[in-house]
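Report on the structure
Given next are the chains, with one letter for each unit.
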Protein chains: 2
Amino acid sequence: MRGKVGPATMREVAERAGVALTTVSRAFSNPDKLSPDTLRRIADASAELQYTVNLSARSLRKRSSGMLLVLLPDIGNPFFSLVLKGIEEGAREGGRVLLIGDTGSDATLADAYAGQLDAGTVDGMILIDGRVPFPHGSPARARLMRAPVVALSEHVDDPSIPFVGIDNRAAGRDVAHLLADLGHRRLGHIAGPAANGLTTLREQGFAEGARERGCDLLGTATGDWSIGSGQAAAADILSWPHRPTAIFAANDEMAIGAVHALAAAGVSVPGELSVVGFDDIDFAAVGSPALTTIRQPRFAMGRAAVEAVTARIEGRTTAEPARILPFERVMRASTGPLGSGQTAAGRG
Amino acid sequence: MRGKVGPATMREVAERAGVALTTVSRAFSNPDKLSPDTLRRIADASAELQYTVNLSARSLRKRSSGMLLVLLPDIGNPFFSLVLKGIEEGAREGGRVLLIGDTGSDATLADAYAGQLDAGTVDGMILIDGRVPFPHGSPARARLMRAPVVALSEHVDDPSIPFVGIDNRAAGRDVAHLLADLGHRRLGHIAGPAANGLTTLREQGFAEGARERGCDLLGTATGDWSIGSGQAAAADILSWPHRPTAIFAANDEMAIGAVHALAAAGVSVPGELSVVGFDDIDFAAVGSPALTTIRQPRFAMGRAAVEAVTARIEGRTTAEPARILPFERVMRASTGPLGSGQTAAGRG
DNA sequence: TTGTACGCGTTATCAC
DNA sequence: GTGATAACGCGTACAA
């Protein structure tokens with residue numbers, strides 16, 4: 001008895017159930033069209049044979065895989081966690097599954113992922129790292145553009161790709177206003193990496209908001225979104241000739257790093273310096289002090305993104321070039337009114 | 001001109017290059033066997049046609065997909081981020097790609113994932129949520145077991161599955177010893193969810209270590225790994241008739257939540273209460289106070305896990321039932337010697 | 001309602 | 001070194 005190795009095939013199920021192979025196929029895709037009796041026999045047969053459809057064969061035939069590719073710059077960034085949950089849930093409801101590519105913001109790597117998934121291996125694509133794989137104008141890029149693609153959180157440089165996210169510029173302005181309302185006039189900024197779209201928008205918005213309220217933006221330190229870079233940036237700011245009374249870090253991790261570095265340097269927050277973050281990750285609420293920040297609707301963003309790709313996959317033309325979701329101020333203990341405690345005593 | 005829609009096929013490349021279909025196939029898998037000249041012509045032809053191999057067809061034929069399935073309970077848990085990076089890197093080096101399933105610790109969901117990926121759609125599987133899909137003894141489970149599977153971080157109930165991770169029991173003991181060495185005698189524990197393997201091992205180890213050093217384990221509060229549950233657990237502990245002088249939380253998030261709740265209740269850490277966490281996630285280092293914790297080699301764990309599945313996939317029989325990696329004490333400011341500051345003054 | 005016949009794009013086998 | 005041919009497992013006209 002040589003026996004076969006792999007799992008059972010439709011053909012075997014058909015033989016066992018005493019029907020044609022076609023009928024079995026239909027039993028899995030169009031059960032309504034079959035008589036209850038044959039349906040039952042097929043169900044029994046597949047159960048006995050532990051049959052599962054071969055997805056490779058199915059996607060080869062249908063030219064679609066039931067998979068969504070998600071490209072993100074850093075799976076370790078806690079900002080993405082809830083976003084991914086949203087995407088995941090939406091994908092599952094649509095009967096699709098998630099392929100996740102961590103590009104590390106490396107264009108070559110992103111290309112490798114996209115390339116491998118080019119030929120119908122993937123039904124759609126969600127770009128969270130602000131970059132479209134392949135250089136602009138290249139044939140590969142052009143080919144990719146024909147697939148359902150949406151940009152999430154960060155805009156990409158191709159206007160034909162729908163965007164899902166918040167208005168980062170408006171959010172940056174809002175932070176400046178928030179700080180101005182507390183009486184602050186000398187502001188500082190901890191920005192993300194220079195080449196990044198989010199960096200630009202949040203920084204521009206912040207500068208704009210500061211101007212509108214007659215505040216001085218004394219300077220900008222550059223980080224890379226990481227906790228460590230926030231610490232370094234804070235140290236930098238403390239060395240400026242004119243020290244700000246409030247700083248805005250372009251994400252929560254850098255803000256948390258900054259707060260830690262400030263505490264280590266004996267600077268009280270918010271007594272001497274107010275700090276605002278961005279994103280409202282879980283850890284923002286339990287720092288000491290808890291972080292004032294801008295909340296992005298992360299889960300909803302994920303859901304909206306799948307919704308958008310799914311619409312394009314299924315041919316429902318959304319015609320919606322962008323889906324802008326609302327952000328939200330979250331006031332906590334890391335900000336305070338100017339002069340509330342300019343001594344080292346701080347305020348708890 | 002009706003024109004075809006999909007991407008180019010091997011057949012078309014072959015025609016254009018003036019060679020047989022077979023030769024093109026070889027050009028992609030066994031380039032060494034071809035003359036430099038034909039190789040060149042094929043390369044040119046595929047470039048002009050923007051050819052990419054169809055992965056569905058390839059996996060149908062080769063009965064392998066180049067994909068690894070990773071099942072984890074919560075993609076939002078920062079512990080997994082570095083682990084995933086390790087897996088990702090290893091998979092990529094092996095020319096494979098990652099399929100990630102967030103099960104939310106829901107068995108049904110895990111089954112759905114595993115089921116959909118059953119029939120050769122996936123080359124191997126890494127289980128990080130301590131559960132093997134499908135009930136024990138079921139045919140589906142049996143079939144799954146024939147595929148290359150390894151358990152990461154948490155053991156699963158099937159002894160035939162290789163394990164990669166640290167010795168959680170020993171780590172729990174080590175925490176007790178650490179605390180005892182600081183002079184603490186009255187200990188408390190914040191455990192993970194009851195049904196969890198990691199919970200059990202860390203708790204047993206902690207209790208064991210406490211006994212060995214003659215410490216009293218005054219009680220255990222139960223959390224669910226989340227920050228919020230750590231806060232609740234701390235509140236619970238403060239209501240115990242006999243209050244411990246040191247507590248061990250089974251992960252960093254609960255520890256951070258606990259520290260925050262203690263601070264809110266006016267309890268100084270480590271002045272009145274020392275706190276130890278587990279995992280050494282990034283945020284552990286920048287809390288106030290920074291968290292004493294047990295570091296797991298997360299990246300290395302991920303690498304080791306891919307290495308193990310890859311070995312099984314490629315038939316290299318590892319014969320290694322378990323791969324135990326070393327953990328490490330990380331002493332920071334959330335722990336202090338007993339009585340160092342039993343007043344509210346604390347120690348910064 | 002059910003069955004027949006063919007093709008999806010690739011790799012493996014064997015011959016030249 | 002290269003080429004013809006047969007699967008791989010499934011979906012879908014089309015016919016019955």
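Residues numbered from 1 in each chain as written. Chains lettered and ligands numbered in written order. Predicted model: local features only at pLDDT ≥ 70, side-chain atom pairs only at ≥ 80, totals over all residues. Heavy atoms only, no water.

**As for the protein's contact with DNA strand D**
Our working definition: Only a single heavy atom is needed: when it lies within 4 Å of a molecule or strand, its residue is near that molecule or strand. Any pair of N or O atoms that falls within 3.5 Å is considered a polar contact. Within protein, one atom must be able to donate a hydrogen and the other to accept it, and sequence-neighbouring residues count only if both atoms are side-chain atoms. By the criteria applied, helices consist of DSSP H or I runs no shorter than four residues and strands consist of E runs no shorter than two, each listed in order from the N terminus. Throughout this entry, Asp, Glu, Lys and Arg are counted as charged residues, while Ala, Val, Leu, Ile, Met, Phe, Trp, Tyr, Cys and Pro are counted as nonpolar. The remaining residues, Gly among them, count as polar.
By nearness alone, 23 residues border DNA strand D, and M10(A), Y51(A), T23(B), R61(B) and R63(B) come closest of all. In DNA strand D, atoms within 4 Å of the protein come 60% from sugar and phosphate. M10(A) places a polar main-chain atom, nitrogen or oxygen, 2.6 Å from a phosphate oxygen of DNA strand D. One nitrogen or oxygen atom from the main chain of A20(B) is found 3.0 Å from a phosphate oxygen belonging to DNA strand D. With four residues, helix α4 (residues 55-62) of chain A is the single largest residue contributor to the surface near DNA strand D. Its residues assigned to classes, the surface near DNA strand D comprises eight nonpolar, eight polar and seven charged.

**Considering the packing of aromatic side chains**
Geometry of an aromatic ring pair is reported as the spacing of the ring centres plus the angle between the planes. Residue and element names in this part refer to chain A. We count it as follows: Within 6.5 Å between ring centres, the rings of Phe, Tyr and Trp (the latter by its six-membered ring) count as paired, and their orientation is classed by plane angle as stacked under 30 degrees, edge-to-face over 60, tilted in between. Lysine NZ or arginine CZ positioned within 6 Å of the ring centre and within 35 degrees of the ring normal marks a charge as sitting over the ring.
One pass over the full model with this rule turns up nine aromatic pairs over all chains. Ring pairing ties together the aromatic residues F206, F248 and F278, which thus form one cluster. Here the basic side chain of R202 rests over the ring of F278, its NZ or CZ set 3.8 Å away from the ring centre.

**Let's talk about the relation of the copies chain A and chain B**
Operational definition: In this comparison the copies share one frame, found by least squares on the C-alpha atoms of residues holding pLDDT of at least 70 in both. Residue contacts follow a heavy-atom distance rule, with two residues in contact if any of their heavy atoms lie within 4.5 Å.
You can overlay chain A on chain B at an RMSD of 0.1 Å; the transform is a turn of 180° with a shift of 0.1 Å along its axis. Between the two chains, the operation in question is that of a two-fold axis. Both copies present the same face, since 100% of the interface residues in chain A are matched by interface residues at the equivalent positions in chain B.

**Looking at the interface of chain A and chain B**
A common way to express how large an interface is: the accessible area buried when the components associate. For clarity, the cut-off: Two parts placed together each lose some accessible area under a 1.4 Å probe, and the buried area is that loss summed for both. In what follows, salt bridge is the name for a side-chain nitrogen of Lys or Arg lying within 4 Å of a carboxyl oxygen of Asp or Glu.
Opposite the 52 residues of chain A that make contact, chain B presents 53 residues. When chain A packs against chain B, the two sides together hide about 4,500 Å² of surface, and 64% of this comes from carbon and sulfur. Counting the contacts that link chain A with chain B gives four salt bridges. The partner of D74(A) in a salt bridge is K85(B), and the shortest N-O contact between them spans 3.1 Å. Where chain A packs against chain B, one counts nine residue pairs in polar contact (both at pLDDT 80 or more). At the level of secondary structure, the elements contributing two or more residues to the side of chain A that touches chain B comprise α4, α5 (78-93), β2 (97-102), α6 (107-116), α7 (139-145), α10 (227-238) and α11 (252-264) of chain A. The residue makeup of the side of chain A that touches chain B, split by class, is 24 nonpolar, 18 polar and ten charged.

**Brief notes about the confidence of the model for chain A**
Interpreting fine coordinate detail is not advised for predicted regions of low pLDDT. We apply this condition: In predicted models, pLDDT denotes the confidence assigned by the predictor to each residue on a 0 to 100 scale.
With 93% of its residues at a pLDDT of at least 70, chain A reaches an overall mean of 89. Counting interchain partners and residues more than four positions distant, the pLDDT-below-50 stretch residues 342-348 of chain A has 14 contacts.

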